[in-house]
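Each chain, letter by letter, is given below.
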Amino acid sequence: MIDLDNVAYSYGGAELFSQVRLSLAAGSFHFLTGPSGAGKTTLLKLCYGELQATSGQVRLFGEDAAMMDRDAVAMSRRRIGVVHQDCQFLDHLPLTENIALPLTVSGREADAEANLGDLLGWVGLRNQAAQFPPQLSGGERQRAALARAVIMSPHVIIADEPTGNVDWEMSQRLLTLLVELNRMGKTVLIATHDMNLIRAAKSQVTTRVLRLKDRRLMQAGGEL
Ligand SMILES: Nc1ncnc2c1ncn2[C@@H]1O[C@H](COP(=O)(O)OP(=O)(O)OP(=O)(O)O)[C@@H](O)[C@H]1O
Ligand SMILES: [Mg+2]
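Heads up: these notes are all about the structure in this document.

What counts, and where the lines are drawn
- Each chain carries its own residue numbering, running from 1 in the written order of its sequence.
- To label them, take the chains in the order written and letter them from A, then take the ligands in the order written and number them from 1.
- Local features in this predicted model are restricted to residues of pLDDT 70 or higher, and side-chain atom pairs are both shown and tallied only at a pLDDT of 80 or more, whereas totals for entire chains, interfaces and linings draw on every residue.
- Secondary structure elements are taken from DSSP: a helix is a run of H or I of four residues or more, a strand is a run of E of two residues or more, and numbering for both begins at the N terminus.
- For this measure, only C-alpha atoms enter the radius of gyration; the expected value for a globule follows 2.2 Å times N^0.38, where N is the number of residues.
- Any residue surrounded by 20 or more other C-beta atoms within 10 Å of its C-beta is treated as buried, while 12 or fewer makes it exposed and the intermediate range makes it partly exposed; C-beta atoms here are placed from the backbone.
- By definition, a nonpolar core groups buried Ala, Val, Leu, Ile, Met, Phe, Trp, Tyr and Cys residues that are joined through C-beta atoms within 7 Å.
- Residue pairs qualify as contacts under a 7 Å threshold applied to their C-beta atoms, which are placed from the backbone.
- At least two bridges found by DSSP between two strands is the condition for calling them paired.
- Where helices are involved, their axes are fitted lines through C-alpha atoms of the stretch in contact, as for all axes, and angles between N-to-C directions lie from 0 to 180°.
- A residue counts as near a molecule or strand when its C-beta atom, positioned from the backbone, falls within 6 Å of it.
- Residue polarity follows a fixed list, in which Ala, Val, Leu, Ile, Met, Phe, Trp, Tyr, Cys and Pro are nonpolar, Asp, Glu, Lys and Arg are charged, and the others, Gly among them, are polar.
- The scheme is simple: roughly parallel for angles under 35 degrees, roughly antiparallel for over 145, roughly perpendicular for 65 to 115, oblique for anything else.
- Note on convention: the crossing is left-handed when the near helix lies turned anticlockwise from the far helix by less than a right angle, right-handed when the turn is clockwise.

**Points about the overall build of the protein**
Here's step 1: Broken down by element type, the protein carries seven helices and ten strands.
Here's step 2: Taking 224 residues into account, the globule formula puts the C-alpha radius of gyration at 17 Å, and the protein, at 17 Å, falls close to it.
Here's step 3: Its C-alpha atoms give the protein principal-axis dimensions of roughly 45 × 40 × 30 Å.
Here's step 4: Within the protein, the fraction of its 224 residues that count as buried is 38%.

If you want it as structure tokens, here you go:
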């Protein structure tokens, strides 16, 4: 689905990381860990075509990202659902409209009504449908962000600290949703600091844990 071959990235100064190899096969479940500032969010952005590698090759669904024009990148992006680290919403729109936004901007409003009820039920937010983002709790926002990420039925879900600001019970609930998506065949990549979350996931699905540290991406060892 997404492949990184000998990839390096720099924001202009020194290289943040280099020699990164990563292959997200269809249906796989990966975690990405590493210290704050190591470049996890940056690496995720390369995986969904938001940033271009400084060197090396990123392939999105078999296509070289460096060769893709804006339309081609946009088409790939529709197949990747992203939960951003800061999960921002448009505060003046009710939750339903925020979640349906990816459909609205791609001219598929008609699909929204069919999917939205089920999706809100799945993330447990039916009762909050008419509320505005500032009225939601941290966990509700995280679940809404996940709903928004999957509304286009993407093949790949990329989640950046999806359990960043929630308690353990809520993080378990979010993990259950991500595991369900994976069981439906979706490819999942999650950046997280939370080792307990990774341990909990390992008891439910086959996962690979990658660690970004000292400018390299490695398979995490047996410490988990
Ligand atoms: N747009 C940018 N321009 C310049 N430097 C940036 C930019 N975005 C991030 N950085 C820098 O790149 C480094 C890696 O940032 P990144 O957000 O990828 O780290 P991270 O591993 O996700 O950290 P965290 O765990 O805190 O979320 C940091 O030092 C950051 O300051
Ligand atoms: Mg980050």
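**Observations concerning the nonpolar core**
Here's step 1: Core analysis: the biggest nonpolar cluster contains 57 residues, and Leu 146, Ala 147, Ile 157, Ile 158 and Leu 178 have the highest contact counts within it.
Here's step 2: No other element matches helix α5 (residues 138-150), which puts six residues into this core.
Here's step 3: In contact with Leu 146, not counting residues within four places along its chain, are Val 83, Val 123, Pro 162, Leu 174 and Leu 177.

**Overview of unusual backbone geometry**
Here's step 1: Even without being a glycine, Ser 153 presents a positive backbone phi close to 50°.
Here's step 2: Along the polypeptide, Ser 153 turns up in the loop between α5 and β7 (156-160).
Here's step 3: The class for Ser 153 is exposed, based on 12 C-beta atoms found within 10 Å.
Here's step 4: For Arg 215, which is not glycine, the phi torsion reads 70° and is therefore positive.
Here's step 5: Tracing the chain through its elements places Arg 215 in the loop between β9 (208-213) and β10 (216-219).

**What about the sheet that holds β9?**
Here's step 1: One open sheet holds the six strands; their spatial order is β6-β7-β8-β3-β9-β10, and the pairing between them is mixed. Every interior strand has two partners, whereas the edge strands, β6 (80-83) and β10, have only one. Shown here is a sheet whose adjacent strand axes are inclined to one another by a mean of 20°, direction ignored.
Here's step 2: In this sheet, strand β8 (residues 187-191) lies alongside β7 in parallel orientation, the contact comprising five bridges. Bridge assignment links Asp 160 to a residue of β8, and that residue is Ala 191.
Here's step 3: Contacts from α5 reach β6 and β7, with the element oriented near 165° to β6.

**Some points on the site of ligand 1**
Here's step 1: Taken together, Tyr 11, Leu 16, Gly 34, Ser 36, Gly 37, Ala 38, Gly 39, Lys 40, Thr 41, Thr 42 and Gln 85 form the complete shell of residues around ligand 1.
Here's step 2: Across the shell around ligand 1, the residue classes break down as three nonpolar, seven polar and one charged.

**Considering the packing of helix α6 (residues 168-183) against helix α7 (residues 195-202)**
Here's step 1: It is the contact of α6 with α7, at a shortest axis distance of 11 Å, that shows an interaxial angle of 45°. The angle between α6 and α7 places the two elements in the oblique class. α6 and α7 meet at a crossing whose hand is right-handed. Across the interface between the two elements, Ser 171, Gln 172, Leu 175 and Val 179 from α6 touch Leu 197, Ala 200 and Ala 201 from α7.
Here's step 2: Taken together, the residues of the contact of α6 with α7 break down into five nonpolar, two polar and no charged.

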